[in-house]
Amino acid sequence: MNALDLLTAGDALHRLVAWVLLAMSVASWVVILYKLWVLRRAGRDVLRGTAAFWQAPALEGAAERVAAFDRGGLLRPLLAATQAPPAGTLAGSGPRGQQLTRLLRGALHQGTQRLQFGQVLLATVGATAPFVGLLGTVWGIYHALTGISSAGQITISQVAGPVGEALVMTAAGLAVAIPAVLAYNWFGRSIARIEAELEGFAFDLRDLLAPES
């Protein structure tokens, strides 16, 4: 059974399961390739951008140095968050250190959301694709055995073919799920490393602008 037979053979439920698995596979691979590009670039840009910031002679020109490297927009929101909030508002109340903590935390959350893009989809595909494939297998075996029982005399060859074709759906579900699970775990480690760099930069930035007395 080739891929085209898997998508077109069987009844409506069998074809639906096959098309759902195909959609899951395409969606997960699109996310995997996109996140490979985004996280690889983000990891380099964060390291280069923070190095450029601390090598700047003054704070006024540091933002321009960072912008040259921060293509993903992960560091610039942190620098923008250091601007003093409007006076006379709750955001502008309290010591400067507390203001920076609140503003930098919000900027970090924005960057984290961009880095986490697609993780939910990969986790969902990895968790559900095997069961979707198993549904197709169970349904295919049911119909195979129903057809065999109505044929009268049963031989091993009559059972092996239809049941083997039904089991292909389980293999298809695993083939969809395994790359998604591996990518989810690998991206999770990469995201954690980048987030640690961003949090360290935000902490150092707060200490620079509002040192503890």
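Residues numbered from 1 in each chain as written. Predicted model: local features only at pLDDT ≥ 70, side-chain atom pairs only at ≥ 80, totals over all residues. Heavy atoms only, no water.

*Asks:* In this structure, what is going on with the overall build of the protein? I would like to understand it.
*Replies:* Helices and strands together make up the secondary structure of the protein, namely seven helices and zero strands. Helices (α) and strands (β) of the protein occur, in sequence order from the N terminus, as α-α-α-α-α-α-α. The long-range share in the protein, meaning contacts at least 24 apart out of those at least 6 apart in sequence, stands at 74%. Total accessible area on the protein stands at roughly 12,100 Å², and carbon and sulfur atoms take up 67% of it. (Helix = DSSP H or I, 4+ residues; strand = E, 2+ residues; numbered from the N terminus. Contact = heavy atoms within 4.5 Å. Areas by Shrake-Rupley, 256 points an atom, 1.4 Å probe, with all protein chains shown as cover.)

*Asks:* Please explain the side chain of Thr50 as it appears in this structure.
*Replies:* By secondary structure assignment, the location of Thr50 is in helix α2 (residues 12-55). Those residues in contact with Thr50, other than ones at most four positions away along the chain, are Leu75 and Phe201.

*Asks:* How do you make sense of the nonpolar core when you look at a structure like this?
*Replies:* Note on soluble globular proteins: their nonpolar side chains tend to be buried together. Counting 41 residues, the largest nonpolar core has Leu21, Leu78, Leu115, Ile194 and Leu198 as the members making the most contacts within it. When residues of this core are traced back to their parent elements, those giving at least two are α2, α3 (59-67), α4 (76-80), α5 (96-115), α6 (119-149) and α7 (156-209). Residue contributions to this core peak at 13 residues, all from α7. Among residues more than four places away in sequence, those in contact with Leu115 are Lys35, Leu39, Ala42, Leu74, Ile191, Ile194, Glu195 and Leu198. (Core = buried A, V, L, I, M, F, W, Y, C linked by side-chain atoms within 4.5 Å. Buried < 20%, exposed > 50% of the residue type's maximum accessible area, 1.4 Å probe, protein only.)

*Asks:* Sorry if this is basic, but what is going on with the environment of Arg76 here?
*Replies:* Looking at the secondary structure, you find Arg76 in helix α4. Sequence separation between Arg76 and Ala107 is 31 residues, and the spatial gap between their C-alpha atoms is 9.1 Å. Residues contacting Arg76, with those up to four places away along its chain left out, are Ala67, Asp70 and Arg71. Separated by 2.6 Å, the side chain of Arg76 and the backbone oxygen of Asp70 make a polar contact. (Polar contact = N/O pair within 3.5 Å; in protein donor to acceptor, adjacent residues only side chain to side chain.)

*Asks:* What is the right way to read the pattern of salt bridges from this model?
*Replies:* One side chain can pair with another of opposite charge once the charged atoms of both are near each other. One pass over the structure, following the stated rule, counts three salt bridges. Close ionic contact of Arg71 with Asp45 constitutes a salt bridge, the shortest N to O distance being 2.9 Å. Of the two residues, Arg71 sits in the loop between α3 and α4 while Asp45 sits in helix α2, which places them 26 residues apart along the sequence. Accessibility expressed as a relative area gives 45% for Arg71, which makes it partly exposed. Asp45 gets classed as buried once you look at its relative accessible area, which sits at 3%. The residue Arg76 makes a salt bridge to Asp70 at a minimum N-O spacing of 3.4 Å. Residue Arg76 is classed as partly exposed on the basis of its relative accessible area, which comes to 37%. (Salt bridge = Lys/Arg side-chain N within 4 Å of Asp/Glu carboxyl O.)

*Asks:* Teacher, can you tell me more about the packing of aromatic side chains here?
*Replies:* Each aromatic ring pair is characterised by the separation of its centres together with the angle its planes make. Inspection of the entire model under this criterion finds six aromatic pairs. Considering the side-chain rings of Phe53 and Phe201, the 5.2 Å spacing of their centres and the 90 degrees angle between planes classify their relative orientation as edge-to-face. With Phe53 in helix α2 and Phe201 in helix α7, the pair connects residues that are 148 residues apart, well separated along the chain. An angle of 65 degrees between the planes, with centres 5.5 Å apart, marks the rings of Trp186 and Phe187 as edge-to-face. For Trp186, a relative accessible area of 42% gives the class partly exposed. Lying over the aromatic face of Phe187, Lys35 brings its terminal NZ or CZ to 5.7 Å of the ring centre. (Phe/Tyr/Trp six-rings, centres within 6.5 Å; stacked < 30°, edge-to-face > 60°. Lys NZ or Arg CZ within 6 Å of the ring centre and 35° of its normal.)

*Asks:* Just checking my understanding: could you explain the packing of α2 against α3 for this structure?
*Replies:* Two measures define how a pair of helices packs: the angle their axes make with one another and the distance between the axes. Packing of α2 against α3 leaves a shortest axis separation of 8 Å and a crossing angle of 155 degrees. Between α2 and α3, the angle is such that the two are roughly antiparallel. Handedness of the crossing formed by α2 with α3: right-handed. Residues Gly49, Ala52, Phe53 and Gln55 of α2 form the contact with α3, whose participating residues are Leu59, Ala62, Arg65 and Val66. When grouped by side-chain class, the residues that make up the contact of α2 with α3 number five nonpolar, two polar and one charged. (Axes fitted to C-alpha atoms, helices over the stretch in contact; angles between N-to-C directions. Parallel < 35°, antiparallel > 145°, perpendicular 65-115°, else oblique. Left-handed = near helix turned anticlockwise from the far one by under 90°. Nonpolar A, V, L, I, M, F, W, Y, C, P; charged D, E, K, R; others polar.)

*Asks:* Help me out: how do you make sense of the environment of Thr50 in this one?
*Replies:* Accessibility expressed as a relative area gives 12% for Thr50, which makes it buried. A C-alpha to C-alpha distance of 7.1 Å links Thr50 and Val66, two positions 16 residues apart in sequence. There is a polar contact of 3.0 Å between the side chain of Thr50 and the backbone oxygen of Leu47.

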